[in-house]
Amino acid sequence: MEHYVITYKYGNFTMAAYSRLQSLNINNIKLAPVPFAIKTECDLCIIVNDYNTLLIVLNESTKYPVDNVYMATKMTGNLVYRLLDF
């Protein structure tokens, strides 16, 4: 099962974007700490469970610039993160 990890440059951007997404009643998202395998300045990220929701989140996050988007897939029992270009 794959999911997507959206990172922002600052934690307050992450919190503001998450709050906005919740006010829009967008499902399949959660606020979580950034996985250790991903090196970023911020310690919070938004995890999205499907691609369609990812597109909605990226569309709504124009006010809060996204730093990176990663796709996480499980391979041989480990999660592997791949940076996506958006």
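One can find the structure itself at the top, above this paragraph.
Keep in mind the model is a prediction, meaning the values are calculated, not measured.

*Asks:* What should I look at first to understand the state of the cysteines in this one?
*Replies:* By the definition in use, this model includes 0 disulfides. Left unpaired, C45 is separated from the closest cysteine sulfur, that of C42, by 8.1 Å. Look at C45 and you get buried, because its relative accessible area is 0%.

*Asks:* Even after reading the chapter, I still don't get the side chain of H3, so can you show me in this structure?
*Replies:* Along the chain, H3 falls in strand β1 (residues 3-8). When neighbours within four sequence positions are excluded, H3 is seen to be in contact with I47, V48, N49, Y70, M71, A72 and L79.

*Asks:* I keep staring at the pattern of salt bridges and nothing clicks. Help me out?
*Replies:* Think of it this way: side chains of opposite charge can pair up when their charged atoms draw near. Throughout the structure, instances matching the rule amount to 1 salt bridge. Across the pair R20 and E60 runs a salt bridge whose closest N-O atoms are separated by 3.2 Å. Here R20 is found in helix α1 (residues 11-23), whereas its partner E60 is found in helix α2 (residues 51-60), with 40 residues between them in sequence. On the basis of relative accessible area, E60 is assigned to the partly exposed category, the value being 28%.

*Asks:* Got a minute to help me understand a nonpolar patch on the surface in this structure?
*Replies:* Among the surface-exposed residues, Y51, L55 and F86 lie close enough to one another that they form a single nonpolar patch of about 320 Å² accessible area. For L55, the location among the structural elements is in helix α2. On the accessibility criterion, L55 (38% relative accessible area) is partly exposed.

What counts and how
- Residues numbered from 1 in each chain as written.
- Predicted model: local features only at pLDDT ≥ 70, side-chain atom pairs only at ≥ 80, totals over all residues.
- Heavy atoms only, no water.
- Disulfide = S-S within 2.5 Å.
- Buried < 20%, exposed > 50% of the residue type's maximum accessible area, 1.4 Å probe, protein only.
- Helix = DSSP H or I, 4+ residues; strand = E, 2+ residues; numbered from the N terminus.
- Contact = heavy atoms within 4.5 Å.
- Salt bridge = Lys/Arg side-chain N within 4 Å of Asp/Glu carboxyl O.
- Patch = residues over 30% accessible without salt bridge, like charges linked within 9 Å, V, L, I, M, F, W, Y side chains within 5 Å.
- Areas by Shrake-Rupley, 256 points an atom, 1.4 Å probe, with all protein chains shown as cover.

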